[in-house]
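Per-entry structural report
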Amino acid sequence: MKMIKVQTGGKLYIAGEYAILTPGQTAIIKNIPIHMTAVVKEAKDISLFSDMFDYAVGMTPDSKYALIQQSIVTLFDYLGKSAEEMPAFSLEITGKMERDGKKFGIGSSGSVTVLTLKALSAFYELNLSADLLFKLASYTLLKLGDNGSMGDIACIAYDDLVAFTSFDRQQVAKWIEKESIQEVLNKDWGYQIEVITPALPCEFLVGWTMQPSISKDMINLVKSAISQEFLAATEKEVQICKQALQTGDKESVKKALQNVSDLLLGLSSAIYNDKLLALKAAEDGLDVIAKSSGSGGGDCGIAISFNREDSQELIKRWQEVGIELLDMEELA
Ligand code: PMV
Ligand code: MG
């Protein structure tokens, strides 16, 4: 019996969050090696199960399974096939990105969307590229009314450190209303996804606040504060950071990340809550730059450390304030 197994990871913003919601802005987003797994097997009828929930479904719309079901509908529509025309399968998704019922906030909804598409692409031997996976997953989320930038999808589809320049989502949503999926997917959406290879010896650390934050709500709370000044200043720092990562310019990386962090601090007091302020303050006196990541208000923050002993001290300080190390890896 045919059986395939695929995985997707998580993501965290290094720089450019909130600004990236405006088309043409750039963000740097890092893949996080905490995975979700999908197993697809031949079956008589479509059956879907995720360990997030305690029941399985078919294709009859179920609100909890909407992301998975819509991803499947997107793929079938793209192939120009109805569900009945394609060999049926069972899909089982495991690896909740959470602990004790609290999500990590590393992109589980984006990951499950990409995972479903990637799993079926493998099952039907379609060999979809990372770029097509990105477009299909973005299409799916736009159809469901998602208000995000799709930066998470770019990072998860490429499973790498990327610089993502965002597209006009309203424009694409209009196309989706009027044109066929094939036509929409064939268009140039105007985004850019560039894989970045850092040349800077350093450690990348992820601190989990254990306080779940809902990006959708944070966006609605913060978006009216996003000004032209914020956008221009953020873009400048993101470009400096991107360049400096690739050339190994430590001081410029530190300064650019400090500046984007200050810009987020000034954008809304909801971003740096007490836990994230403590996560940032823990860098004090160390060869480390720390900041909130993504929408803030909880979830995770990140740090880049240029000294191993300082990494250990940072982890200790985080522990003392109830911040847990989720991931630590060398960037170069
Ligand atoms: O909190 P996260 O990791 O989902 O990141 C949200 C980043 C925002 O720019 C605030 C929103 C978005 O979709 O880009
Ligand atoms: Mg978040």
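Sequence order sets the numbering: in each chain, residues are counted from 1 along the sequence as written. Each chain is given a letter, starting from A, and each ligand a number, starting from 1, according to the order in which they appear as written. Where totals are concerned, whole chains, interfaces and linings use all residues; where local detail is concerned, this predicted model gives features only for residues with pLDDT of at least 70, and gives and counts side-chain atom pairs only at 80 or more. To get the side-chain values, all heavy atoms of the structure are used, and hydrogens and water are removed first.

Rule in force here: UniProt positions are given in the numbering used here, feature names are shortened, and annotations may be inferred rather than shown by experiment.
Within an unreviewed UniProt entry, the label attached to the protein reads phosphomevalonate kinase, and the organism entered is Streptococcus ruminicola. Taken directly from UniProt, the Pathway (unreviewed entry) text for the protein runs: "Isoprenoid biosynthesis; isopentenyl diphosphate biosynthesis via mevalonate pathway; isopentenyl diphosphate from (R)-mevalonate: step 2/3."

So, the packing of helix α2 (residues 108-123) against helix α4 (residues 151-158)
How two helices pack is summed up by the angle between their axes together with the distance between the axes. What counts is decided by this rule: Axis lines are fitted to C-alpha atoms, over the contacting stretch for helices. Their N-to-C directions set the angle, which ranges from 0 to 180 degrees. A run of H or I in DSSP counts as a helix once it spans at least four residues, and a run of E counts as a strand once it spans at least two, with each numbered from the N terminus. An angle counts as roughly parallel when it lies under 35 degrees, as roughly antiparallel when it exceeds 145, as roughly perpendicular when it falls between 65 and 115, and as oblique in every other case. It is the rotation of the near helix from the far one that decides the hand of a crossing: anticlockwise by less than a right angle makes it left-handed, clockwise makes it right-handed. Here a residue-residue contact requires only that any non-hydrogen atoms of the pair lie within 4.5 Å. The classification used treats Ala, Val, Leu, Ile, Met, Phe, Trp, Tyr, Cys and Pro as nonpolar, Asp, Glu, Lys and Arg as charged, and all other residues, Gly among them, as polar.
Put simply, α2 and α4 touch, their axes get as near as 9 Å, and they point 50 degrees apart. Here α2 is positioned oblique relative to α4, judged by the angle of their axes. With respect to the hand of their crossing, α2 and α4 are arranged in right-handed fashion. On α4, the residues that touch Gly 110, Ser 111 and Val 114 of α2 are Asp 152, Ile 153, Ile 156 and Ala 157. Grouping the constituent residues of the contact of α2 with α4 by class yields four nonpolar, two polar and one charged.

Focus: the pattern of salt bridges
Going by this rule: A pairing counts as a salt bridge when a side-chain nitrogen of Lys or Arg comes within 4 Å of a carboxyl oxygen of Asp or Glu. To sort residues, take the accessible area from a 1.4 Å probe on protein chains only and compare it with the maximum for the residue type: under 20% means buried, over 50% means exposed, and anything in between is partly exposed.
Enumeration over the complete set of coordinates arrives at 14 salt bridges. For Glu 329, the salt bridge is made with Lys 30, and the minimal N-O distance between the two is 3.1 Å. Of the two residues, Glu 329 is situated in strand β13 (residues 324-330) and Lys 30 in strand β2 (residues 26-42); the sequence distance between them amounts to 299 residues. Glu 329 gets classed as partly exposed once you look at its relative accessible area, which sits at 21%. Using a relative accessible area of 5% as the deciding quantity, one classes Lys 30 as buried. Note that Asp 287 is salt-bridged to Lys 250, the shortest N-O span being 2.6 Å. With a gap of 37 residues between them, Asp 287 in the loop between α10 (274-281) and β11 (288-292) and Lys 250 in helix α9 (residues 250-267) connect regions that are remote in the sequence. Residue classification places Lys 250 among the partly exposed residues on the basis of a relative accessible area of 26%.

Here's the deal with the packing of aromatic side chains
Describing an aromatic ring pair means giving the distance of the ring centres and the angle of the ring planes. Filter applied, for reference: Ring pairs are drawn from Phe, Tyr and Trp, using the six-membered ring of Trp, whenever the two centres fall within 6.5 Å, and their geometry is named by plane angle: stacked under 30 degrees, edge-to-face over 60, tilted for the rest. Only when the NZ of Lys or the CZ of Arg is both within 6 Å of the ring centre and within 35 degrees of the ring normal is a charge said to sit over the ring.
Inspection of every chain in the model, using the stated rule, returns 14 aromatic pairs. Each residue in the set Phe 134, Phe 164, Phe 167, Trp 189 and Tyr 191 is aromatic and connected to the rest through ring pairs, giving one cluster. Positioned above the aromatic ring of Trp 175 is the side chain of Lys 187, whose terminal nitrogen or guanidinium carbon lies 4.8 Å from the ring centre.

As for the UniProt feature "domain: GHMP kinase C-terminal" (unreviewed entry) in the protein
Feature annotation in UniProt places "domain: GHMP kinase C-terminal" (unreviewed entry) on residues 243-322, given in this structure's numbering. Segment residues 243-322 splits into 55% helix and 14% strand. End C-alpha atoms: 34 Å apart.

Considerations on the nonpolar core
The following threshold applies: Take the buried residues of types Ala, Val, Leu, Ile, Met, Phe, Trp, Tyr and Cys, join any two whose side-chain atoms come within 4.5 Å, and each joined set is a nonpolar core.
Counting residues in each nonpolar core, the largest one holds 90 residues, and the members touching the most others are Phe 89 and Phe 134. Core analysis: the next-biggest nonpolar cluster, separate from the first, contains 25 residues, Tyr 272, Ala 290, Ile 315 and Ile 323 among them.

As for the UniProt feature "domain: GHMP kinase N-terminal" (unreviewed entry) in the protein
Those places that UniProt annotates as "domain: GHMP kinase N-terminal" (unreviewed entry) correspond, in this numbering, to residues 75-158. The span residues 75-158 shows a helical share of 51% and a strand share of 12%, and its end C-alpha atoms are spaced 18 Å apart.

Focus: the side chain of Ser 111
Rule in force here: Polar contacts here mean pairs of N or O atoms no more than 3.5 Å apart (in protein, one a potential hydrogen donor and the other a potential acceptor; neighbouring residues in sequence count only if both atoms are side-chain atoms).
Its location among the elements puts Ser 111 in helix α2. Side-chain polar atoms of Ser 111 contact the backbone oxygen of Gly 9, separated by 2.7 Å. When neighbours within four sequence positions are excluded, Ser 111 is seen to be in contact with Thr 8, Gly 9, Met 36, Met 97 and Ile 156.

Re the environment of Thr 140
Structurally, Thr 140 is set in helix α3 (residues 130-143). Each C-alpha atom, one on Thr 140 and one on Thr 113, is 7.8 Å from the other, the two residues being 27 residues apart in sequence. Excluding residues within four positions of it along the chain, Thr 140 makes contact with Leu 67, Gln 70, Ser 71, Thr 74 and Thr 113. Here the side chain of Thr 140 touches Thr 74 through a polar contact of 2.9 Å, side chain to side chain.

Concerning the layout of surface pockets
Rule in force here: Buried and open spaces are told apart on a 1 Å grid over the protein atoms alone, a cavity being a set of points where a 1.4 Å probe fits but cannot get out and a pocket being an open set with protein on both sides within 12 Å along at least five of seven lines. Residues with an atom within 4 Å of a point are the lining residues. Grid points are joined across faces, edges and corners, and a volume is the space filled by probe spheres set on the points.
Its volume calculated, the largest pocket comes out at about 1,100 Å³. Contributing to the lining of the largest pocket are 46 residues, with Ser 109, Asp 146, Asp 152, Ser 215 and Lys 216 lying nearest its centre. Those elements that provide at least two residues to the lining of the largest pocket are β1 (3-15), α1 (66-79), β5 (89-94), α2 and α7 (215-222). Split by residue class, the lining of the largest pocket holds 20 nonpolar, 16 polar and 10 charged. As a volume, the second largest pocket reaches approximately 270 Å³. Along its surface, the second largest pocket is lined by 15 residues, and Asp 146, Asn 147, Gly 148, Arg 169 and Gln 170 are the ones closest to its centre. For the lining of the second largest pocket, the elements supplying multiple residues, two or more each, are α5 (169-178) and α7.

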